Amino acid sequence: MQDTLQLTIHKAPHSRIKELDYNNIKFARQYSDHMLLADYKGGEWKNLRIEPYGNISLSPANPAIHYGQSIFEGLKAYKHDDGKISIFRPQANFERMNISAERMVMPAIPEEIFMDGMRELLKVDSQWVPNVEGTALYIRPFMFAIDEFIGVRPSDDFTFMIITSPVGAYYAKPVKVRVETHYTRAVKGGTGYAKTAGNYAASLYPAKLAHKDGYDQLIWTDGQEHKYVEESGTMNIMFVIGDTLVTAPTGDTILNGITRDSVLTLARDWGMNVEVRPLTVDELIDAAKTGKLKEAFGAGTAATIAHVDTIAHEGIDYKLDQSGWEFSEKVLKALNDIRLGRVEDKFGWNYLI
Ligand SMILES: *Cc1c(COP(=O)(O)O)cnc(C)c1O
């Protein structure tokens, strides 16, 4: 066993906080003053440190660059009306990151690095957590291979880091999505359940084709038959059909989203009908045609809830009537109220720092 990790802090000589316009925060355009780093070398984690945010130096033979041995997480911190700061469900991100790490042959990150390191980083940069409605501090933990070796094999050594960035709304308006029936995000036995770099690189080209045709995102379908609905862009996707909340079960092709889980938990708590089951594209389009499809929305940390107002399939746009968006509005408000400490945190989701 290794000794307890000692955290060292080197503070930035000057804060850049004055450059932040709290009333005009974009999505992840500015980064906070500090970052957290830890090294995994010789089979152990060491050198846990907070340093001024800045560039890092890597060998040109870095395997994360060549082969994508790299994983990440995404979560948010909120400032309550009384000035307290909380992070939303970080323990769930910690656990998921170690699931990704196992799949990508990377070492598990100890809780004292991920959780305690994150808390200390947020204490140092607490001014960067905005308190304007609709904003938050986005937290990006990530880990990547650092061996100087371009042979294809798992790296021995790794770096873990956390950077943070004040963020506003991810999507300014409801999104138009197209059902993807050619390209694939994830396959059975693949890496779809891991937040690993290559999954996102592979999604860029099909997303670009959809953008060219005027759509914001794709609805990914299963890689075998393109028959079942899986996710939308980098979000889970959920529907209200009739009076039932429907979403696909997570597995090796669908990422286990924490927002998705939070939405399901609230819906069940409210006594709503909830069905976690495979949903075919045919059923979805049929529900859209007959008016049974009331709501469609993406669920993920960046946007929380991204309302879908158009679903395209085989060249036809199906429009959703905004006046029927009852559940998604209610769940979005409930999540915001919990995260901002405005209502009871019944499920223990807020981690106060
Ligand atoms: C991160 C992510 C999600 C959403 O997960 P959250 O924990 O809710 O942020 C969904 N799908 C994919 C592919 C993702 O990468």
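Residues numbered from 1 in each chain as written. Predicted model: local features only at pLDDT ≥ 70, side-chain atom pairs only at ≥ 80, totals over all residues. Heavy atoms only, no water.

Visitor: Give a detailed account of the overall build of the chain, specifying residues and quantitative values.
Guide: For the chain, the count of helices and strands is seven helices and 18 strands. For a compact globule of 353 residues, the expected C-alpha radius of gyration is about 20 Å, and the chain comes in at 21 Å, within 12% of that figure. Oriented by its inertia axes, the alpha-carbon framework of the chain measures out at about 60 × 50 × 35 Å. The buried share of the chain, taken over its 353 residues, is 51%. (Helix = DSSP H or I, 4+ residues; strand = E, 2+ residues; numbered from the N terminus. Rg over C-alpha atoms; globule rule 2.2 N^0.38 Å. Buried < 20%, exposed > 50% of the residue type's maximum accessible area, 1.4 Å probe, protein only.)

Visitor: Help me get a handle on the nonpolar core, residues and values and all.
Guide: Of all hydrophobic cores here, the largest spans 46 residues; its most connected members are Trp-45, Met-143 and Phe-160. Ignoring anything within four residues of it in the chain, the contact list for Phe-160 reads Leu-36, Leu-37, Ala-38, Trp-45, Met-97, Ile-109, Ile-113, Phe-114, Pro-141, Phe-142 and Met-143. Core analysis: the second largest hydrophobic core is formed by 24 residues, Phe-88, Tyr-138, Ala-299 and Phe-327 among them. (Core = buried A, V, L, I, M, F, W, Y, C linked by side-chain atoms within 4.5 Å. Contact = heavy atoms within 4.5 Å.)

Visitor: Please give an account of the pairing of strand E10 (residues 217-221) that cites residues and values.
Guide: Burial analysis of E10 places five of its five residues in the buried class, which makes it a mostly covered element. In this structure, strand E9 (residues 175-179) lies alongside E10, joined through three bridges in parallel fashion. Looking at E10, one finds that Arg-178 is bridged to Leu-218. In the classification by handedness, the crossover that spans E9, the intervening helix H4 (residues 197-212) and the parallel E10 is right-handed. (Pairing = 2+ DSSP bridges. Right-handed = clockwise from strand over helix to strand, strands pointing away.)

Visitor: Account for H4, with residues named and values stated.
Guide: Across its 16 residues, H4 extends 24 Å between first and last C-alpha, which sits within 8% of the 22 Å expected from 1.5 Å per residue. Along H4, the residues that are buried comprise Asn-199, Tyr-200, Ser-203, Pro-206, Ala-207 and Ala-210. Among the structural elements, strand E4 (70-72), E9 and E10 are those in contact with the buried residues of H4. Backbone geometry just downstream of H4 places Gly-214 in the positive-phi region, at approximately 90°. (Expected span 1.5 Å × (residues − 1).)

Visitor: Outline the packing of aromatic side chains, listing residues and values.
Guide: Within this structure, the stated rule accounts for 13 aromatic pairs. An angle of 5° between the planes, with centres 5.4 Å apart, marks the rings of Tyr-31 and Tyr-53 as stacked. Separated by 22 residues along the polypeptide, Tyr-31 in the loop between strand E1 (8-9) and strand E2 (34-41) and Tyr-53 in the loop between strand E3 (44-52) and helix H1 (63-67) bring together distant segments of the chain. Taking the relative accessible area as the measure of exposure, Tyr-31 reaches 26% and is therefore partly exposed. Judged by centre distance (6.1 Å) and plane angle (40°), the rings of Phe-114 and Phe-160 are tilted. Here Phe-114, found in helix H3 (residues 111-124), pairs with Phe-160, found in strand E8 (residues 158-167); they are 46 residues apart in sequence, far enough to count as distant. Ring pairing ties together the aromatic residues Tyr-40, Trp-45 and Phe-158, which thus form one cluster. Over the aromatic face of Tyr-215 sits the side chain of Lys-176, whose NZ or CZ is 5.6 Å from the ring centroid. The positively charged end of Lys-330 is found above the aromatic ring belonging to Trp-270, 4.1 Å away from the centroid. (Phe/Tyr/Trp six-rings, centres within 6.5 Å; stacked < 30°, edge-to-face > 60°. Lys NZ or Arg CZ within 6 Å of the ring centre and 35° of its normal.)

Visitor: Tell me what's going on with the domain arrangement of the chain, and back it up with residues and numbers.
Guide: The domain boundaries assigned to the chain delineate domain 1 (2-168) and domain 2 (175-339). When each unit is reduced to the centre of its C-alpha atoms, the spacing between domain 1 and domain 2 is 28 Å. Contact with domain 1, which involves 22 residues of that partner, is made by 20 residues of domain 2. Summed over both sides, the interface between domain 1 and domain 2 buries roughly 1800 Å², with carbon and sulfur atoms accounting for 59% of that surface. Joining domain 1 to domain 2, the criterion identifies one salt bridge. A salt bridge links Asp-261 to Arg-89; the shortest N-O distance between them is 2.9 Å. Joining domain 1 to domain 2, the criterion identifies 13 residue pairs in polar contact (both at pLDDT 80 or more). Mapped by element, the contributors of at least two residues to the side of domain 1 that touches domain 2 are E4, strand E5 (75-79), strand E6 (85-88) and helix H2 (90-103). Here the side of domain 1 that touches domain 2 gets six residues from one element, more than from any other, and that element is H2. Partitioning the side of domain 1 that touches domain 2 into residue classes produces 10 nonpolar, seven polar and five charged. (Domains from an automatic or database assignment. Buried area = accessible area lost by both parts, 1.4 Å probe. Salt bridge = Lys/Arg side-chain N within 4 Å of Asp/Glu carboxyl O. Polar contact = N/O pair within 3.5 Å; in protein donor to acceptor, adjacent residues only side chain to side chain. Nonpolar A, V, L, I, M, F, W, Y, C, P; charged D, E, K, R; others polar.)

Visitor: Requested: an account of the site of the ligand, with residues and values cited.
Guide: Surrounding the ligand, one finds 14 residues, the nearest of these being Lys-195, Tyr-200, Glu-231, Thr-259 and Thr-301. The side chain of Lys-195 places a nitrogen or oxygen atom 2.7 Å from an oxygen atom of the ligand. (Near = heavy atom within 4 Å.)

Visitor: Requested: an account of the pattern of salt bridges, with residues and values cited.
Guide: Under the defined criterion, the tally for this structure stands at 18 salt bridges. Here Asp-116 makes a salt bridge to Arg-119, at a shortest N to O gap of 3.6 Å. Of this pair, Asp-116 and Arg-119 both sit in helix H3, separated by three residues, roughly a single helical turn.

Visitor: Quick one: what's the story with the environment of Tyr-205, residue by residue and with numbers?
Guide: Structurally, the position occupied by Tyr-205 is in helix H4. In sequence terms Tyr-205 and Asn-55 are 150 residues apart; their C-alpha atoms lie 28 Å from each other.

Visitor: Can you tell me about the packing of H2 against H3, naming the residues and giving the values?
Guide: Closest axis-to-axis distance for the H2/H3 pair is 10 Å, and the angle between their directions is 145°. Considering the relative orientation of H2 and H3, their crossing is right-handed. Packed against H2, whose contacting residues are Pro-90, Gln-91, Asn-93, Phe-94 and Met-97, the element H3 presents Glu-111, Phe-114, Met-115 and Met-118 at the interface. Residues belonging to the contact of H2 with H3 are distributed by class as follows: six nonpolar, two polar and one charged. (Axes fitted to C-alpha atoms, helices over the stretch in contact; angles between N-to-C directions. Left-handed = near helix turned anticlockwise from the far one by under 90°.)

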